[in-house]
Amino acid sequence: QVQLVESGGGLVQPGGSLRLSCAASGFIFSSYAMSWYRQAPGKERELVAVITSSGGNTYYAESVKGRFTIFRDNAKNTVYLQINSLKPEDTAVYYCKRGGSGTYWGQGTQVTVSS
């Protein structure tokens, strides 16, 4: 069964950095694109970044472009989200999702940016 486990969140001051990890299992990781989403309280879950199966191409939401970097290590079945220059509006629960058929979410990891 597909399993996704996010980690790496925490409380960070504005301008700080975090690296989020998503450990995947239950499928051939290198065959799937992976995505990061985030959801703030009372708001819709929004797509943040996408990376193709090989890691050769990426996509970013305009709101995070230039500050966030998605990358993956297929040997470790892990996709990462490097977050730099954090802003208070980045505060949210961050989730990873597998591409392709089906919808699979992890438990999420909380990112809180203090003001």
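Residues numbered from 1 in each chain as written. Predicted model: local features only at pLDDT ≥ 70, side-chain atom pairs only at ≥ 80, totals over all residues. Heavy atoms only, no water.

We now examine the environment of Arg98. For Arg98, the position within the fold is in strand β9 (residues 92-98). What makes Arg98 buried here is its relative accessible area of 6%. A sequence separation of 74 residues divides Arg98 from Ala24, and the C-alpha atoms of the two residues are 8.9 Å apart. When sequence neighbours within four positions are dropped, the list of residues in contact with Arg98 reads Val2, Leu4, Phe27, Tyr32, Ala33, Met34 and Tyr104. Of the polar contacts made by the side chain of Arg98, one reaches the backbone oxygen of Ser101; its length is 2.7 Å. (Helix = DSSP H or I, 4+ residues; strand = E, 2+ residues; numbered from the N terminus. Buried < 20%, exposed > 50% of the residue type's maximum accessible area, 1.4 Å probe, protein only. Contact = heavy atoms within 4.5 Å. Polar contact = N/O pair within 3.5 Å; in protein donor to acceptor, adjacent residues only side chain to side chain.)

With that settled, the discussion passes to the state of the cysteines. Tallied over the entire structure, the rule returns 1 disulfide. Here Cys22 is linked by a disulfide to Cys96, with a sulfur-sulfur distance of 1.8 Å. Its S-S torsion of approximately 50° makes the covalent link between Cys22 and Cys96 right-handed. With a gap of 74 residues between them, Cys22 in strand β3 (residues 18-25) and Cys96 in strand β9 connect regions that are remote in the sequence. Like Cys22, the residue Cys96 is buried in the burial classification. (Disulfide = S-S within 2.5 Å.)

The subject of this paragraph is the environment of Ala23. Looking at the element boundaries, Ala23 is found in strand β3. Residue classification places Ala23 among the partly exposed positions, given a relative accessible area of 37%. In this structure the C-alpha to C-alpha distance between Ala23 and Ser7, which are 16 residues apart in sequence, comes to 8.3 Å. When near neighbours in sequence (up to four residues on either side) are disregarded, Ala23 contacts Gln3, Leu4, Val5, Asn77 and Thr78.

Moving on, we get to the pattern of salt bridges. Counted under the stated rule, the structure contains 4 salt bridges. One salt bridge in this structure joins Glu46 and Arg38, with 2.7 Å as the shortest N-O distance. Overall, the relative accessible area of 6% leaves Arg38 in the buried class. Here Arg67 ties to Asp90 by a salt bridge, and the two come within 2.7 Å at their closest N and O atoms. Separated by 23 residues along the polypeptide, Arg67 in the loop between β6 (58-60) and β7 (68-73) and Asp90 in the loop between β8 (78-83) and β9 bring together distant segments of the chain. Summarising the burial analysis for this pair, Arg67 and Asp90 share the class buried. Among the charged side chains, a salt-bridge network with shared partners connects Arg38, Glu46, Arg67 and Asp90. (Salt bridge = Lys/Arg side-chain N within 4 Å of Asp/Glu carboxyl O.)

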